[in-house]
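# Architecture and fold: a report
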Amino acid sequence: MTSNVPEAAKRFKDDHPSAASGNAVKIGTHDGIFHCDEVLACFMLQQLPQYASAEIIRTRDATKLAECDIVVDVGAVFDREHHRYDHHQGTFNETLRTLRPELDVKWDIRLSSAGLIYTFFGEDVIRQILKDKLGLHELSGECLRAVYRKVYEGFIGEIDAIDNGVPMFDGGEPRYNISTHLSARVGAFNSRWNEPTPEPGCLVRFEKAKTYVGLEFIEKVTYYASCWWPARDIVSKGLANRGALHESGEIFELEKPCPWKEHLYQLEQELNIVGIPKYVIYCNKENDWRVICVPVQPSSFVCRKFLAKPWRGIRDDELERVSGIAGVNFCHQNGFIGGNKTREGAVEMAIASLAAPEDA
């Protein structure tokens, strides 16, 4: 379905007073100490054509904010229709799940201004970045949804949680993962306590922080689209051919090393084979094959079936003698990974471990 560009432009002008009057579009946010969430929110907006040349106004003056076309992280109002995206008011308890129920996501972390902008503009931001940085003009709906979810899970959710003071742990499992601590690094761009206080509305340090956070955001988006997502096909092929590798269906092979764990769990659900694959093998480099045990969760060191216990922590000739498998050269002391010089040897290691008792 093609969009009517003149009508879209008219709607944008109708909704944005500055554009309608021919003036520069204005993005409003608060002055003083800045945080990662509004810095990232402004960066994401400026990736879009309608906000690419927007002027950022840093103020708490309600009169000046009222003149802005879109306001983030200040004003005590969340009103999508009027382009107000604050989250500090006591009545605000929105999450990605509540605002986008059609996505059927699990995340229930209270949104920051970054999360709010990502919730409603994220898909368009991702499309634009992939078009500008990778030349990808066509993106399948399945890929876009997967990248959108991964960027929230692996980037935005952390910023939302830290900005809102959400405890990382609620019981045994973490509610979110810290992979960058970008919030702390962005905070370091603010003036130090013993430095002169910048003039109200000064953008010098804010712009430095925006450039910094933007580079990391772009890296995440391009990684998930160009590296993580294509790995799904490799995992899918491996699962489709696992019966030919071993009759149990519990061993599969990757045609090349790639990010496989999350794709495996998703494909298991789709194929109704949850829990069946126990080992994955692949060629790490010439004469170097790996046998990896499938963990019970992507980040867990607890595996569905470890490599044979007598092999663990020994190497080379001794391991060949103990295992009786030619070419075997190592087995980690925890038993979650092992190696062999040949593909045949790697398969043999996986088959032998399937049959090995856990306590022997």
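In this report, we go over the structure that sits alongside the text. Keep in mind the model is a prediction, meaning the values are calculated, not measured.

This part takes up the pattern of salt bridges. In this structure the tally under the stated criterion is 15 salt bridges. As a salt-bridge pair, Glu142 and Arg232 come within 3.7 Å of each other at their nearest N and O atoms. Residue Glu142 is located in helix α7 (residues 141-164), and its partner Arg232 is located in helix α10 (residues 231-240); the two are separated by 90 residues in the primary sequence. For Glu142, a relative accessible area of 41% gives the class partly exposed. Residue Arg232 is classed as buried on the basis of its relative accessible area, which comes to 11%. Across the pair Glu153 and Lys150 runs a salt bridge whose closest N-O atoms are separated by 3.2 Å. With Glu153 and Lys150 both in helix α7 and three residues apart, the pair spans about one turn of that helix. Among the residues examined, Glu153 registers a relative accessible area of 31% and is labelled partly exposed. Three or more residues joined by partner-sharing salt bridges are found here, namely Arg100, Glu102 and Glu123.

With that settled, consider the sheet that holds strand β5 (residues 84-85). Spatially, β2-β1-β3-β5-β4 is the arrangement adopted by the five strands of the open sheet, whose pairing is mixed. In the strand order of this sheet, the two ends are held by β2 (55-58) and β4 (78-79), each with one partner.

Criteria and thresholds
- Residues numbered from 1 in each chain as written.
- Predicted model: local features only at pLDDT ≥ 70, side-chain atom pairs only at ≥ 80, totals over all residues.
- Heavy atoms only, no water.
- Salt bridge = Lys/Arg side-chain N within 4 Å of Asp/Glu carboxyl O.
- Helix = DSSP H or I, 4+ residues; strand = E, 2+ residues; numbered from the N terminus.
- Buried < 20%, exposed > 50% of the residue type's maximum accessible area, 1.4 Å probe, protein only.
- Pairing = 2+ DSSP bridges.

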